[in-house]
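For reference, the chains in residue letters:
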Amino acid sequence: MTPNLETIDTWVNPSLRGLAPKKAGPERNAQAIRLDKGELPYPPSPKVVDAIARAATTCNRYPGVLGGALRAQLATYAGTEPDQIVIGNGSDDLIELIIKVFVQPGQQVLLPVPTFFVYGQATQVMGGVPVFVQRTPDFGLDVEALVAKVTPATQVLYIANPNNPTANLVSRDTLEEVLNRVNAMVVVDECYFELCQTTISDWVDHYPHLIVLRSLSKSFGLAGLRIGYAIANAQVVDYLYRAAQLFPVNTVAIAAALAALEDQAYIQDNIHRILSDKLQLQEQLEGLGLQVYPSATNFLFVNTQPLNLPSAPLVAALQERNIWVADFGNTPGLGAYYFRIAVGTPAENQGFLQGLADALLSLS
Ligand SMILES: Cc1ncc(COP(=O)(O)O)c(C=O)c1O
């Protein structure tokens, strides 16, 4: 007798049953203004494209084990040792890997909210329990509230710094206090490091419970290739690699990352453009009566409450105009009035502002 779907349903890991199904969402079309995914709007440098073309000819071979030559190059870039680096298929992959290594079913992961949704989702996939702690009204860390939630079942605390979606940065002093008071793994996700230049990666020798996450998706503009890395104490790195795949990143991604790390002038150019266009976009949004929070990232977090308009209908009205921003209304830790917009090219930003003015008119 072959099993039917009902039987297969009973075989599924129970921790997955409560999770929402994933949807692919609409395909991009050439006319769309897509500012919803926090991406860099500029393509990789010609040197990176050349490196990709060259690597493509060797794809009959497996990639370097544990990230191959990229590990030493990332260590040099981050000012650390190769045995303190773990490479993953995007930092999303590393977020899951950390939970695989440190969280058993029923154990807890502490999440100051609002924050990046992948932490909670990865926790649930592994059968862990996300424990939400509200951030302060300006989205800083409430250290007392965090410490009060730590129990013997708390295994990991995730802090995105700067935070996504709120874009704000927490000081090194605050993180030092957290590290001194929290008896669990503390993951500080520095996905936007190159945009804010604030890091605590220099503390991994001193704090063995600290893991710093980085990504080549944002400032390096390689989101499509999926390259992230972690910096941690060598023993923690050893445990993480035991649970990782032998080939965590593909050949093309390794070659592209090596070339991108060498082409710093191109990266810095893009960062300067984004930072100056961000200020302009912020002023223009404020000119329309919206509240925009201080941003240490390549995106802006916007509050629609001053217009007395929940974000959901506004985001939908923008979508009708083929303009995409990310709605954060009624997500964990937030009320009904928030959206996030990545800084696009000047043309995309202008297109968005025109569409926004038009959408606001249609909703008034
Ligand atoms: C805080 C934070 N961490 C991790 C990621 C995922 O990065 P990656 O593309 O390296 O998986 C994002 C993406 O938006 C993010 O905002």
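Numbers given for residues are sequential positions, taken from 1 along each chain in its written order. With pLDDT at 70 or above as the cut-off, local features in this predicted model cover only qualifying residues; side-chain atom pairs require 80 or more to be listed or tallied, and sums for whole chains, interfaces and linings still use all residues. Values reported for side chains reflect all heavy atoms of the structure, with hydrogen atoms and water molecules removed beforehand.

K.L.:
Looking at this structure, I do not really get the overall build of the protein. What am I missing?
P.N.:
By definition, any uninterrupted DSSP run of H or I lasting at least four residues is a helix, any uninterrupted run of E lasting at least two residues is a strand, and each is numbered from the N terminus. Helices and strands together make up the secondary structure of the protein, namely 14 helices and 13 strands. For 364 residues, the compact-globule estimate of 2.2 N^0.38 gives 21 Å, and the C-alpha radius of gyration of the protein, at 21 Å, lies within 12% of that figure. Note on exposure labels: buried denotes an accessible area under 20% of the residue type's maximum, exposed denotes more than 50%, and partly exposed covers the range between, all computed with a 1.4 Å probe on protein chains only. Put simply, the protein has 364 residues, and 52% of those count as buried. Contacts are residue-level and defined by heavy atoms, with any inter-residue pair within 4.5 Å sufficient. Sequence separation of 24 or more characterises 71% of the internal contacts of the protein that already satisfy a separation of 6 or more. The protein chains shown are the only cover counted for residues, whose accessible areas, like all others here, come from Shrake-Rupley with a 1.4 Å probe. Total accessible area on the protein is roughly 16,700 Å²; 54% of this is exposed by carbon and sulfur atoms. In this count, Lys and Arg are taken as positive residues and Asp and Glu as negative ones, while His and the chain termini are left out. One atom stands in for each charge, and that atom is NZ of Lys, CZ of Arg, CG of Asp or CD of Glu. Positive and negative side-chain charges in the protein, numbering 23 and 33 respectively, have mean positions lying 5 Å apart. The globule rule used here is 2.2 Å times the number of residues to the 0.38 power, and the radius of gyration it is set against is calculated over C-alpha atoms.

K.L.:
It is not clear to me how the site of the ligand should be interpreted in this structure. Could you clarify?
P.N.:
Distances are taken per atom, and a residue is near a molecule or strand as soon as one of its heavy atoms is within 4 Å of it. Taken together, 14 residues lie around the ligand, and Asn164, Asp189, Tyr192, Ser217 and Arg226 are the ones closest in. Polar contacts, as counted here, are pairs of nitrogen or oxygen atoms within 3.5 Å of one another; within protein the pair requires one atom able to donate a hydrogen and one able to accept it, and residues that are adjacent in sequence qualify only if both atoms are side-chain atoms. Within the backbone of Asp92, a nitrogen or oxygen atom sits 3.0 Å from an oxygen atom of the ligand. For the ligand, a nitrogen atom lies 2.6 Å from a polar atom in the side chain of Asp189. Protein contacts shield 93% of the accessible area of the ligand, which totals 400 Å² for the unbound molecule. For this classification, the nonpolar set comprises Ala, Val, Leu, Ile, Met, Phe, Trp, Tyr, Cys and Pro, the charged set comprises Asp, Glu, Lys and Arg, and every other residue, Gly included, is treated as polar. Of the residues contributing to the shell around the ligand, the split by class is five nonpolar, five polar and four charged.

K.L.:
Explain the domain arrangement of the protein here, please?
P.N.:
Many structure descriptions define interface size as the accessible area lost when the parts assemble. Splitting the protein by domain gives domain 1 (5-43 + 265-363) and domain 2 (46-262). What counts as a domain boundary in this text is fixed by an automatic or database domain assignment. Using C-alpha coordinates to define each centre, domain 1 is positioned 23 Å away from domain 2. At the interface, 27 residues of domain 1 touch 28 residues of domain 2. Note: buried area is the sum, over both parts, of the accessible area (probe 1.4 Å) each one loses when the two are combined. The largest contributions to the domain 1 side of the interface with domain 2 come from Leu19, Ile267 and Ala296, which together make up 22% of the buried area. The rule for a salt bridge is simple: a side-chain nitrogen of Lys or Arg has to be within 4 Å of a carboxyl oxygen of Asp or Glu. Seen at the junction of domain 1 and domain 2, the total is zero salt bridges. Across the contact surface, domain 1 and domain 2 share five residue pairs in polar contact (both at pLDDT 80 or more).

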